[in-house]
Amino acid sequence: MKYYSLIILFFLLPALTVSGQNTAQRHNITIAIHGGAGNITAENMTPQKEKAYHAALNKALEAGYAVLKNGGSSMDAVKAAIQYMEESPLFNAGKGAVFTNERKNELDASVMDGKDLRAGAVAGVSRIKSPVEAAIAVMQQSPHVLMAGKGAEQFAEEKGLEMVDPSYFYTKERMEELDRVLQDKTTESEIKKSPKSGTRTDNSLIFTNEGEKFGTVGCVALDADGNLAAGTSTGGMTNKRFGRIGDSPIIGAGTYANNTTCAVSATGHGEYFIRSVVAYDISALMEYKGLSIHEAADEVVMRKLPQKGGAGGVIALDAQGNIAMPFNTQGMYRGYIKGNGERETLIYK
Ligand code: ASP
């Protein structure tokens with residue numbers, strides 16, 4: 001009996017190892033990012049700016065992809081890609097964040113792990129250098145999901161995260177953007193009358209993003225173990241007031257991940273994304289209606305959102321490595337790298 005068991009084991013072991021390898025190989029590592037959607041057209045872009053955006057998107061993708069390629073987790077890849085964009089003044093996240101009505105930077109970020117549905121977020125923080133890192137700390141080192149303002153900063157400091165003076169986030173371009181918005185007579189009263197904004201509610205009259213540019217950053221990733229993760233980081237919307245928080249730190253609105261469906265990160269006019277529970281709605285359409293990632297993302301971003309007047313887009317990734325990146329604006333900074341070497345960065349439609 002013993003002799004036979006040994007023979008069986010002898011033949012079975014190599015087969016088991018090979019099938020183990022196949023399991024790992026089945027998950028095609030993939031990463032996708034966005035750097036905001038909005039009224040982004042070739043006409044209002046210079047060749048230099050366009051080049052700078054493509055370069056920054058590529059660098060962020062490579063930072064995240066390197067993690068996946070070395071066998072790292074999708075959450076670590078999300079962190080690496082988003083941190084690159086937080087440090088780039090080109091995007092409305094971290095350094096380069098937009099200014100509030102009080103000429104401050106108040107940052108929001110969130111992450112979600114598709115494996116166990118754990119999530120973390122921070123909102124309205126001004127001293128944490130990397131809000132996405134703080135969101136991960138909330139998820140991994142606290143029993144909570146969302147921390148705001150001073151409390152979130154105290155938590156981050158206690159956990160040893162890098163703290164900065166609020167002036168670190170300042171950029172001249174964003175301050176000038178706020179000045180233009182404040183001077184622009186059309187922003188508050190006339191936006192209401194403009195035919196383009198006929199579907200807006202009063203929510204949109206508190207602030208505006210210059211030319212409707214939403215420069216939030218986000219990332220979705222799939223690692224070799226088949227785990228999905230999503231993250232989003234933002235300065236919110238130019239001229240925001242009264243401690244306004246958008247969709248980016250709200251799990252289910254701006255960020256969602258579930259291994260059985262998809263990972264999603266959104267950018268756009270946050271109020272609409274919160275009310276439409278955009279990221280979760282995409283996942284729910286896959287879960288309950290059996291839609292594909294493309295069908296689900298299109299249904300929400302191209303049909304449901306515009307009906308309510310919600311401008312913006314998402315990046316969405318399923319557990320097979322399929323990517324959908326729909327947006328209902330003129331452009332969205334975006335890109336991806338797949339395990340088979342396929343890669344692209346894009347700006348316009
Ligand atoms: N969704 C962000 C917010 O409403 C803005 C953006 O996407 O740029 O705060």
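Because the structure is predicted, anything quoted here is derived from the model rather than measured.

Student: Quick one: what's the story with the overall build of the protein chain, residue by residue and with numbers?
Tutor: Counting its secondary structure elements, the protein chain contains ten helices and 13 strands. Taking all 349 residues of the protein chain together, 54% fall into the buried category. Taking the contacts inside the protein chain whose residues are at least 6 apart along the sequence as the reference set, 70% of them involve residues at least 24 apart.

Student: Quick one: what's the story with the packing of helix H3 (residues 74-87) against helix H4 (residues 131-141), residue by residue and with numbers?
Tutor: Running from amino to carboxyl end, H3 crosses H4 at an angle of 150 degrees, the nearest separation of the two axes being 8 Å. One element, H3, and the other, H4, form an angle in the roughly antiparallel class. Across from Met 75, Lys 79, Ile 82, Gln 83 and Glu 86 in H3, the residues of H4 making contact are Pro 131, Val 132, Glu 133, Ile 136 and Met 139. Among the residues forming the contact of H3 with H4, the class breakdown is six nonpolar, one polar and three charged.

Student: Report on the site of the ligand, specifying residues and quantitative values.
Tutor: Taken together, 13 residues form the shell around the ligand, and within it Thr 216, Arg 244, Asp 247, Thr 267 and Gly 268 come nearest. A distance of 2.7 Å separates an oxygen atom of the ligand from a polar side-chain atom of Thr 216. Thr 267 places a polar side-chain atom, nitrogen or oxygen, 2.7 Å from an oxygen atom of the ligand. Residues that form the shell around the ligand fall into these classes: two nonpolar, nine polar and two charged.

Student: Please give an account of the pairing of strand E10 (residues 312-318) that cites residues and values.
Tutor: Judged by how many residues are buried, E10 sits mostly within the fold: seven of seven residues are covered. Residues Gly 312, Val 314, Ala 316 and Asp 318 point to one face of E10 and Gly 313, Ile 315 and Leu 317 to the other, with burial holding for every one of them. As judged from the two bridges shared by E10 and strand E11 (residues 323-324), these two strands associate in the antiparallel manner. Each residue of the ladder has a partner; that of Leu 317, found in E11, is Ile 323. What sits between E10 and E11 in their antiparallel hairpin is a turn of four residues, with Gly 321 showing a positive phi close to 90 degrees.

Student: Run through the nonpolar core, naming residues and quoting values.
Tutor: With 48 residues, the main nonpolar core has Ile 31, Ile 33, Phe 91, Val 111, Val 122, Cys 219 and Tyr 333 as its most contacted residues. Contacts of Val 122, omitting those with residues within four sequence positions, involve Leu 107, Asp 108, Ala 109, Pro 131, Ala 134, Ala 135, Val 138, Leu 146, Met 147, Ala 152 and Pro 249. Ranked by size, the runner-up nonpolar core spans 38 residues in total, among them Val 220, Ala 230, Val 278 and Met 325.

Student: Lay out helix H2 (residues 47-69) with the relevant residues and their values.
Tutor: Over its 23 residues, H2 runs 32 Å from end to end, which matches the ideal 33 Å to within 8%, given 1.5 Å per residue. Those residues of H2 that sit buried are Tyr 53, Ala 56, Leu 57, Ala 60, Leu 61, Gly 64, Tyr 65 and Leu 68. Contacts from the buried residues of H2 go to strand E1 (30-38), H3, strand E6 (217-222), strand E12 (331-338) and strand E13 (343-348). Looking one or two places after H2, you find Gly 71, whose phi comes out positive at around 85 degrees.

Student: Explain the packing of aromatic side chains to me, and be specific about the residues and the numbers.
Tutor: Taken as a whole and judged by the stated rule, the model has five aromatic pairs. Where Tyr 53 meets Phe 91, the ring centres are 5.6 Å apart and the plane angle is 75 degrees; that geometry is what we call edge-to-face. Taken together, the positions of Tyr 53 in helix H2 and Phe 91 in the loop between H3 and strand E2 (107-113) put the pair 38 residues apart, joining distant regions of the chain. Classification of Tyr 53 as buried rests on a relative accessible area of 8%. With relative accessibility at 0%, the residue Phe 91 sits in the buried group. Centroid distance Tyr 256 to Tyr 280: 5.2 Å. Interplanar angle 80 degrees. Geometry classified as edge-to-face. Residue Tyr 256 is found in strand E8 (residues 255-257), and its partner Tyr 280 is found in helix H9 (residues 278-289); the two are separated by 24 residues along the sequence.

Student: Tell me about the confidence of the model for the protein chain, and please be specific about residues and values.
Tutor: Residues at a pLDDT of 70 or more form 85% of the protein chain, whose mean pLDDT is 89. The low-confidence segment residues 13-26, where pLDDT is below 50, has two contacts with residues more than four positions distant or belonging to other chains. Note that pLDDT drops below 50 for residues 189-206; the model gives that stretch 25 contacts with residues more than four away or on any other chain.

Student: Summarise the pairing of E13; cite the residues concerned and give the values.
Tutor: Two strands pair when backbone bridges link them, and E12 and E13 are joined in this way by five bridges, in the antiparallel orientation. If you follow Gly 331 over to E13, its bridge partner there is Tyr 348. The turn joining E12 and E13, which pair antiparallel and follow one another in sequence, is formed by four residues; a positive phi near 95 degrees is taken by Gly 341.

Student: Which residues make up helix H10 (residues 293-308), and what are the values?
Tutor: Helix length check: H10 (16 residues) gives 22 Å between terminal C-alpha atoms against 22 Å at 1.5 Å per residue, within 8%. The sharpest bend along H10 reaches about 30 degrees and sits at Glu 299. All buried positions along H10 are accounted for by Ile 293, Ala 296, Ala 297, Val 300, Val 301 and Leu 305. In this structure, the buried side of H10 is in contact with strand E9 (262-268), helix H8 (270-275), H9, E10 and E11.

Student: Lay out the sheet that holds E8 with the relevant residues and their values.
Tutor: What the four strands build is an open sheet, ordered E8-E9-E10-E11; its pairing is antiparallel. At either margin of the open sheet sits one strand with a lone partner, and together these are E8 and E11. Running over the sheet, H10 touches E9, E10 and E11 and is turned about 160 degrees from E10.

Student: With reference to specific residues and values, describe the side chain of Ser 142.
Tutor: Of note, Ser 142 is situated in the loop between H4 and strand E4 (146-148). Residue classification places Ser 142 among the buried positions, given a relative accessible area of 16%. Among the polar contacts listed, one links the side chain of Ser 142 to the backbone oxygen of Val 138, at a separation of 2.7 Å. Of the polar contacts made by the side chain of Ser 142, one reaches the backbone nitrogen of His 144; its length is 3.0 Å.

Rules used in this analysis
- Residues numbered from 1 in each chain as written.
- Predicted model: local features only at pLDDT ≥ 70, side-chain atom pairs only at ≥ 80, totals over all residues.
- Heavy atoms only, no water.
- Helix = DSSP H or I, 4+ residues; strand = E, 2+ residues; numbered from the N terminus.
- Buried < 20%, exposed > 50% of the residue type's maximum accessible area, 1.4 Å probe, protein only.
- Contact = heavy atoms within 4.5 Å.
- Axes fitted to C-alpha atoms, helices over the stretch in contact; angles between N-to-C directions.
- Parallel < 35°, antiparallel > 145°, perpendicular 65-115°, else oblique.
- Nonpolar A, V, L, I, M, F, W, Y, C, P; charged D, E, K, R; others polar.
- Near = heavy atom within 4 Å.
- Polar contact = N/O pair within 3.5 Å; in protein donor to acceptor, adjacent residues only side chain to side chain.
- Pairing = 2+ DSSP bridges.
- Core = buried A, V, L, I, M, F, W, Y, C linked by side-chain atoms within 4.5 Å.
- Expected span 1.5 Å × (residues − 1).
- Phe/Tyr/Trp six-rings, centres within 6.5 Å; stacked < 30°, edge-to-face > 60°.
- pLDDT = per-residue confidence, 0-100.
- Bend = angle between axes of the 7 residues up to and from the residue.

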